[in-house]
Amino acid sequence: VKNIKNDHYPIVFQIYDEKETCIYTSPKIEPGYEMSRIELGTELPKGIHECKLQIGYAEEGNVSSAFPITIEVK
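Here goes a summary of the coordinates provided.

Procedures and definitions
Residues numbered from 1 in each chain as written. Predicted model: local features only at pLDDT ≥ 70, side-chain atom pairs only at ≥ 80, totals over all residues. Heavy atoms only, no water. Pairing = 2+ DSSP bridges. Helix = DSSP H or I, 4+ residues; strand = E, 2+ residues; numbered from the N terminus. Salt bridge = Lys/Arg side-chain N within 4 Å of Asp/Glu carboxyl O. Buried < 20%, exposed > 50% of the residue type's maximum accessible area, 1.4 Å probe, protein only.

Section: the pairing of strand S5 (residues 47-57)
(1) Moving on: Strand direction decides the pairing type here: strand S2 (residues 11-16) and S5, joined by 6 bridges, are antiparallel. The residue bridging Gln14 from the neighbouring strand is Gln54, located in S5.

And the structure:
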C-alpha cells in the first residue's frame, strides 16, 4: 500500500477476512511512503483467502475505499 506524495495526509488501512473480522490495522503511512510487507495480527489457516482491504485518511475526513485482496498463507 503506497501513499503518494500528492495525498498530503497520512493514510491507514485495515484488512478484513471472509467473515468481516478485522485481521490487520496498519500504522499511519505518511505521504511518499509505502508498506510492502505486513505480519497479520490474526493467524489464518494455510491456503487462499479472499479478503477486503479498506483504505482511508488517518486524520482528515471520513472517506474510505474498499478493495478485494487475495491473501495466500503458506
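With respect to the pattern of salt bridges
(1) Moving on: Taken as a whole and assessed by the stated rule, the structure comprises 2 salt bridges.
(2) Moving on: The shortest N-O distance in the salt bridge between Lys52 and Glu20 comes to 3.2 Å. Placement of Lys52 in strand S5 and of Glu20 in the loop between S2 and strand S3 (22-25) is noted, with a sequence separation of 32 residues between them.
(3) Moving on: On the basis of relative accessibility, which here comes to 26%, the residue Lys52 falls in the partly exposed class.
(4) Moving on: A salt bridge links Lys28 to Glu59, with the shortest nitrogen-to-oxygen separation between them at 2.3 Å.

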